[in-house]
Amino acid sequence: RLNDTERSAVRRAEIGFVFQFHHLLPEFTALENIVLPQLIAGTGRRAARQRAIELLTSVGLKERASHRPAQLSGGEQQRVAIARALANNPRVLLADEPTGNLDSQMARDVMELLEAHNAQGSTIVMVTHDLELAARAQRNIYIIDGQVSDLDLAEAAARPLVAAREA
């Protein structure tokens, strides 16, 4: 029932997004990409900058704060995107393959960061093909052959395809 302006306010204040392809603003530095959503949400410049530095530190990129996206690797860009998504302490974080561009150790580190955010009361909805990361979630919902299923992948693999579709 909200109008466009009200929906935008909810998205800005309550929801963080991690896209599969980071979508950083190319004309801004890593630091500025994290500061900008905070400024839009009404955070003061000094506080937004401090939060951005803390987040860059938490994803191992403090020393890359002044680099533009084109100067960062794909994994570094993804970590900046994760930091940006957490900048306004969203109550809900929607993450599409947030660790897809990361090596396994960095993926675990990022997952620990997301788990810490979750422990502070945020809900995280994450899409992933990484079974190790999925196993760390409190709840898993599987899509098997285009159908939502309560079966996990091992159970589905052990049953006939029709059974998995019926679940």
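Treat the numbers as computed from the prediction; the structure is a model and nothing was measured.

Rules used in this analysis
Residues numbered from 1 in each chain as written. Predicted model: local features only at pLDDT ≥ 70, side-chain atom pairs only at ≥ 80, totals over all residues. Heavy atoms only, no water. Helix = DSSP H or I, 4+ residues; strand = E, 2+ residues; numbered from the N terminus. Buried < 20%, exposed > 50% of the residue type's maximum accessible area, 1.4 Å probe, protein only. Core = buried A, V, L, I, M, F, W, Y, C linked by side-chain atoms within 4.5 Å. Contact = heavy atoms within 4.5 Å. Patch = residues over 30% accessible without salt bridge, like charges linked within 9 Å, V, L, I, M, F, W, Y side chains within 5 Å. Areas by Shrake-Rupley, 256 points an atom, 1.4 Å probe, with all protein chains shown as cover. Salt bridge = Lys/Arg side-chain N within 4 Å of Asp/Glu carboxyl O. pLDDT = per-residue confidence, 0-100. Axes fitted to C-alpha atoms, helices over the stretch in contact; angles between N-to-C directions. Parallel < 35°, antiparallel > 145°, perpendicular 65-115°, else oblique. Left-handed = near helix turned anticlockwise from the far one by under 90°. Nonpolar A, V, L, I, M, F, W, Y, C, P; charged D, E, K, R; others polar.

We now examine the environment of G121. Tracing the chain through its elements places G121 in the loop between α5 (104-119) and β3 (123-127). Taking the relative accessible area as the measure of exposure, G121 reaches 61% and is therefore exposed. C-alpha separation for the pair G121 and R91, spaced 30 residues apart in sequence, amounts to 7.1 Å.

Counting 31 residues, the largest nonpolar core has I34, L56, V80, I82, L86 and L114 as the members making the most contacts within it. Taken together, the elements giving at least two residues each to this core come down to α2 (30-40), α3 (45-58), α4 (74-86), β2 (92-96) and α5. Every residue in contact with I82, bar those within four places of it in the chain, is listed here: V18, P98, V110, L113 and L114.

It is worth spelling out a nonpolar patch on the surface at this point. A surface patch of nonpolar side chains, amounting to about 330 Å² of accessible area, comprises I141, I143 and V148. Here I143 is to be found in strand β4 (residues 142-144).

Another aspect to go through is the confidence of the model for the protein chain. Overall, the prediction assigns the protein chain a mean pLDDT of 84, with 89% of residues at 70 or greater. Here helix α8 (residues 161-166) stands out as the element of the protein chain with the lowest mean pLDDT, 35, in contrast to α3, whose mean of 96 is the highest. Confidence drops under a pLDDT of 50 for residues 160-167, and excluding neighbours within four residues, the segment shows 11 contacts in the predicted structure.

Time to look at the packing of α2 against α3. Taken N-terminus to C-terminus, the directions of α2 and α3 make an angle of 130 degrees; their axes are 9 Å apart at the nearest point. The orientation of α2 relative to α3 falls into the category oblique. The handedness of the crossing between α2 and α3 is right-handed. Listed contacts from α3 to A30, L31, I34, V35, Q38 and L39 of α2 are R45, A47, A48, R49, R51, A52, I53, L55 and L56. Among the residues forming the contact of α2 with α3, the class breakdown is 11 nonpolar, 1 polar and 3 charged.

Here we take up the pattern of salt bridges. A side chain of one charge can pair with a side chain of the opposite charge when the charged atoms of the two come close. All chains considered together, the criterion is met by 4 salt bridges. When the shortest N-O distance is used, the salt bridge between R64 and E76 registers 3.2 Å. Placement of R64 in the loop between α3 and α4 and of E76 in helix α4 is noted, with a sequence separation of 12 residues between them. Accessibility expressed as a relative area gives 15% for E76, which makes it buried. A salt bridge links E115 to R136; its shortest N-O distance comes to 2.8 Å. Separated by 21 residues along the polypeptide, E115 in helix α5 and R136 in the loop between α6 (131-134) and β4 bring together distant segments of the chain. A residue is classified by how much of its surface remains accessible, and R136, at 29% relative accessible area, is partly exposed.

A few words on unusual backbone geometry. Residues other than glycine seldom take positive phi values, yet N89 does so here, at roughly 50 degrees. Following the sequence through the fold, N89 ends up in the loop between α4 and β2. N89 sits in the partly exposed class, given a relative accessible area of 43%. Positioned with a positive phi, E97 is a non-glycine residue whose angle comes to about 50 degrees.

Moving on, we come to the packing of α2 against α4. Their axes nearest at 8 Å, the elements α2 and α4 cross at an angle of 20 degrees. Relative to α4, α2 is oriented roughly parallel. Note that α2 runs across α4; the crossing there is right-handed. The residues of α4 that touch α2, namely those facing A30, N33, I34 and P37, are V80, A83 and R84.

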